[in-house]
Amino acid sequence: MAARHVPLSSDPGAPARRNLERARRSIQQIHEAAVRHRDPALHDLADEISEIAMTLGHDAGPVQDWRPCPVCGAQPGSHCARLPGHEMVNDMHPERTSL
């Protein structure tokens, strides 16, 4: 019986990237549910998953939108407010974007 030829993918990293994107979407959905249900524990769980992914060498994606801002008090899912004397980067306070 002849060996069956299985064509090799031209991009061997494609499946891993697809899985990482699925994980990012799942984390975002957890944050969205936390906003919808006003459940900060869900934000904490999604942040924990993101931190674990980072320790494994994976970028969990942009999660800062889903954290409350320690500077201006913006709630998860809403934008930061400009305050005198506080620098903003990409319309967010840098303190909000740190894991």
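My aim in this report is to walk through the structure given alongside it, one point at a time. (Residues numbered from 1 in each chain as written. Predicted model: local features only at pLDDT ≥ 70, side-chain atom pairs only at ≥ 80, totals over all residues. Heavy atoms only, no water.)

Moving on to the overall build of the protein chain. Within the protein chain, the regular secondary structure consists of 3 helices and 0 strands. Across the 99 residues that make up the protein chain, the buried fraction comes to 23%. Long-range pairs, those at least 24 residues apart, make up 36% of the contacts in the protein chain between residues at least 6 apart in sequence. With an accessible surface of roughly 7400 Å², the protein chain has 55% of that area assigned to carbon and sulfur atoms. (Helix = DSSP H or I, 4+ residues; strand = E, 2+ residues; numbered from the N terminus. Buried < 20%, exposed > 50% of the residue type's maximum accessible area, 1.4 Å probe, protein only. Contact = heavy atoms within 4.5 Å. Areas by Shrake-Rupley, 256 points an atom, 1.4 Å probe, with all protein chains shown as cover.)

Here we take up helix H1 (residues 14-37). End to end, H1 covers 35 Å across 24 residues, agreeing with the expected 34 Å (1.5 Å per residue, within 8%). Looking at the buried positions of H1, the neighbouring elements they touch are helix H2 (40-55). Following H1 by one or two positions, Arg38 adopts a phi angle in the positive range, close to 50°. (Expected span 1.5 Å × (residues − 1).)

This part is about the environment of Glu95. As for its placement among the helices and strands, Glu95 is situated in helix H3 (residues 94-97). In sequence terms Glu95 and Pro70 are 25 residues apart; their C-alpha atoms lie 6.8 Å from each other. Setting aside anything within four residues of it in sequence, one finds Glu95 in contact with Pro70 and Val71.

A few words now on the packing of H1 against H2. Axis separation between H1 and H2 bottoms out at 8 Å; the angle between their running directions is 165°. The orientation of H1 with respect to H2, classified from their angle, is roughly antiparallel. The handedness of the crossing between H1 and H2 is left-handed. Every residue of H2 that contacts H1 at Ile27, Ile30, His31, Ala33, Ala34 and Val35 is listed here: Leu42, His43, Ala46, Asp47, Ile49 and Ser50. Of the residues assigned to the contact of H1 with H2, the class counts are 8 nonpolar, 3 polar and 1 charged. (Axes fitted to C-alpha atoms, helices over the stretch in contact; angles between N-to-C directions. Parallel < 35°, antiparallel > 145°, perpendicular 65-115°, else oblique. Left-handed = near helix turned anticlockwise from the far one by under 90°. Nonpolar A, V, L, I, M, F, W, Y, C, P; charged D, E, K, R; others polar.)

Under the counting rule described, the total for this entry stands at 3 salt bridges. Across the pair Arg82 and Asp91 runs a salt bridge, and its minimum N-O distance is 3.3 Å. On the accessibility criterion, Asp91 (48% relative accessible area) is partly exposed. (Salt bridge = Lys/Arg side-chain N within 4 Å of Asp/Glu carboxyl O.)

A word on H2. With 16 residues, H2 extends 23 Å between its outermost C-alpha atoms, agreeing within 8% with the 22 Å of an ideal straight helix rising 1.5 Å per residue. Here H2 has its buried residues at His43, Ala46, Asp47, Ser50 and Ala53. Down the axis of H2, the buried set is contained in an arc of 120°. They therefore lie on one face. For H2, the exposed residues lying more than 90 degrees away from the buried face are Asp44 and Thr55. Buried positions along H2 lie against H1. Measuring from the side-chain oxygen of the N-cap residue of H2 to the backbone nitrogen of Ala41 gives 3.0 Å; that N-cap residue is Asp39. (Arc of directions from axis to C-beta. Polar contact = N/O pair within 3.5 Å; in protein donor to acceptor, adjacent residues only side chain to side chain.)

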